[in-house]
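Structural description and commentary
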Amino acid sequence: MKDGKRERAFLCKVVREAWEKCGGRPSVTDVKSAFDLVTDIDFAMEKFITRAIGEEFPGDAVIGEEYNPLTELPAGRCWTVDPVDGTVNFAHGLPLFGVQCAFCEDEIPLASAIYLPAFGELYSASAGAGARLNGEPIFVSSRREDMAVASVGDYSHRSAELFEMQLGMTRSAAARVAKVRHFGAASVDFSWLAAGRTDAFVMLTRNLWDIVPGMLLVKEAGGVVRSADGGEFVFGGRGIVAAASEEIADIFCARVREEV
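Now for a quick tour of the structure. (Residues numbered from 1 in each chain as written. Predicted model: local features only at pLDDT ≥ 70, side-chain atom pairs only at ≥ 80, totals over all residues. Heavy atoms only, no water.)

**Considering the overall build of the protein**
A tally of regular secondary structure across the protein gives seven helices and 14 strands. With the principal axes as the frame, the protein shows a C-alpha extent of 50 × 45 × 35 Å. Burial status across the protein gives 56% buried among its 260 residues. Considering the protein, the positive charge centre built from 27 side chains and the negative charge centre built from 38 side chains are found 3 Å apart. (Helix = DSSP H or I, 4+ residues; strand = E, 2+ residues; numbered from the N terminus. Buried < 20%, exposed > 50% of the residue type's maximum accessible area, 1.4 Å probe, protein only. Lys, Arg positive; Asp, Glu negative; His and termini not counted. Charge placed at Lys NZ, Arg CZ, Asp CG, Glu CD.)

**Overview of the pattern of salt bridges**
Pairs can form between side chains of opposite charge once their charged atoms are near each other. Applying the stated criterion across every chain yields a total of twelve salt bridges. We note a salt bridge from Glu145 to Arg176, for which the minimum N-O separation is 3.2 Å. Taken together, the residues span a long stretch of sequence, with Glu145 in the loop between β9 (136–138) and β10 (149–152) and Arg176 in the loop between α4 (160–174) and β11 (179–181) at a distance of 31 residues. For Glu145, a relative accessible area of 25% translates into the label partly exposed. With a relative accessible area of 37%, Arg176 lands in the partly exposed category. (Salt bridge = Lys/Arg side-chain N within 4 Å of Asp/Glu carboxyl O.)

**With respect to the environment of Phe201**
Looking at the secondary structure, you find Phe201 in strand β12 (residues 200–203). C-alpha of Phe201 to C-alpha of Ala118: the two residues are 83 residues apart in sequence and 21 Å apart in space. Look past the residues within four positions of Phe201 in its chain and what remains in contact with it is Ser151, Val152, Gly153, Ala186, Asp189, Phe190, Leu193, Ile240, Val241 and Ala242. (Contact = heavy atoms within 4.5 Å.)

**Here's the deal with α4**
With 15 residues, α4 ought to run about 21 Å at 1.5 Å a step, and its terminal C-alpha atoms sit 21 Å apart, in line with that. Among all positions in α4, only Leu162, Met165, Gln166, Gly168, Met169, Thr170 and Ala173 are buried. (Expected span 1.5 Å × (residues − 1).)

**With respect to the layout of surface pockets**
Of the pockets and cavities examined, the largest pocket occupies roughly 1,000 Å³. In terms of lining, the largest pocket is formed by 39 residues, of which the most central are Asp36, Asp154, Arg158, Asn207 and Asp210. Sorting the residues of the lining of the largest pocket by element identifies β1 (29–33), β2 (36–39), β4 (77–85), α3 (87–91), α4, α5 (186–194), β12 and α6 (208–220) as the ones contributing at least two each. Here the residues of the lining of the largest pocket sort into 14 nonpolar, twelve polar and 13 charged. If you go around the second largest pocket, you meet 13 residues; those closest to its centre are Glu107, Pro109, Met215, Phe233 and Phe235. Residue assignment for the lining of the second largest pocket shows that the elements contributing at least two residues are β6 (108–116) and α6. Here the residues of the lining of the second largest pocket sort into seven nonpolar, two polar and four charged. (1 Å grid on protein atoms, 1.4 Å probe; cavity = no way out; pocket = protein on both sides within 12 Å on 5 of 7 lines; lining within 4 Å. Points joined across faces, edges and corners; volume = space filled by probe spheres on them. Nonpolar A, V, L, I, M, F, W, Y, C, P; charged D, E, K, R; others polar.)

**Observations concerning the side chain of Ser227**
Looking at the secondary structure, you find Ser227 in strand β13 (residues 224–227). Polar side-chain contacts of Ser227 include one of 3.0 Å to the backbone oxygen of Glu232. Contact partners of Ser227, with chain neighbours within four places excluded, come to Glu232, Phe233, Val234, Gly239, Val241 and Cys253. (Polar contact = N/O pair within 3.5 Å; in protein donor to acceptor, adjacent residues only side chain to side chain.)

**Some remarks on the state of the cysteines**
Scanning the entire structure with this criterion turns up zero disulfides. Cys78 carries a free sulfur, and the closest cysteine sulfur to it, the one in Cys104, is 6.1 Å from it. Judged by relative accessible area, which is 1%, Cys78 ranks as buried. (Disulfide = S-S within 2.5 Å.)

**Section: the nonpolar core**
The biggest cluster of nonpolar side chains holds 30 residues, and the ones touching the most others in it are Tyr123 and Ile240. Sorting elements by how many residues they give to this core places α5 first, with six residues. Sequence-distant contacts of Tyr123, defined by excluding residues within four places in its chain, comprise Ser112, Ala113, Ile114, Leu116, Arg132, Leu133, Ile138, Ser191, Trp192, Ala195, Arg197 and Leu217. Residues Leu11, Ile41, Trp79 and Val99 belong to the second largest nonpolar core, which totals 29 residues. (Core = buried A, V, L, I, M, F, W, Y, C linked by side-chain atoms within 4.5 Å.)

**Considering the environment of Lys47**
Within the secondary structure layout, Lys47 lies in helix α2 (residues 40–56). Its relative accessible area of 44% is what places Lys47 among the partly exposed residues. Each C-alpha atom, one on Lys47 and one on Val224, is 33 Å from the other, the two residues being 177 residues apart in sequence.

This is the structure:
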């Protein structure tokens, strides 16, 4: 049975090395698109990680945010690379950013690693082997919904429909959970949910590099992952809802079903 243990160990090593080699220096920021930024560190780190994958696993496909932003996972062996997740935070001197990568085979996530450099935290998971933070097992929380902290991804600048949907979801959640937060980096959102610090995360995106590492981490920490419409999660859908329990996931999914 494929378990991704070798790939997990490789990812834990390469995300740290990439940051040590490329990330610990001043960056040059440029405009990527309207309301979005990119830095020279994004490019340098993606090159470093992609090269390392090619050397260790020749012939594997790589989906990277900056150089190969494919929208579908291919058959066979494939890696997703998000060199600096939360680039706007990083470029503005905010510590909420991370490096996140995953390994998949035949469209099934088998290993992932998320490194949050500002906190010295390395999160990792492989299929069936649980989730870890700096080598120690982690689990989602067991809090009830009125004590829960939920985080919401960035509001859309590209679609008025998605923007209004996100506002509606936030209003709905705010009425039922203790607090709603916006961290601005999926790497932070997924990691802190898996570690039991928060209790839910919703993100309306199709970007594989944003979704794949964290969804495996949350699942292996005992959490729930659904598509934003409440059904089984599928790549290419409207978005993702990750939560510590089915009851908390329902808070977001019910609202999305009302909006669809």
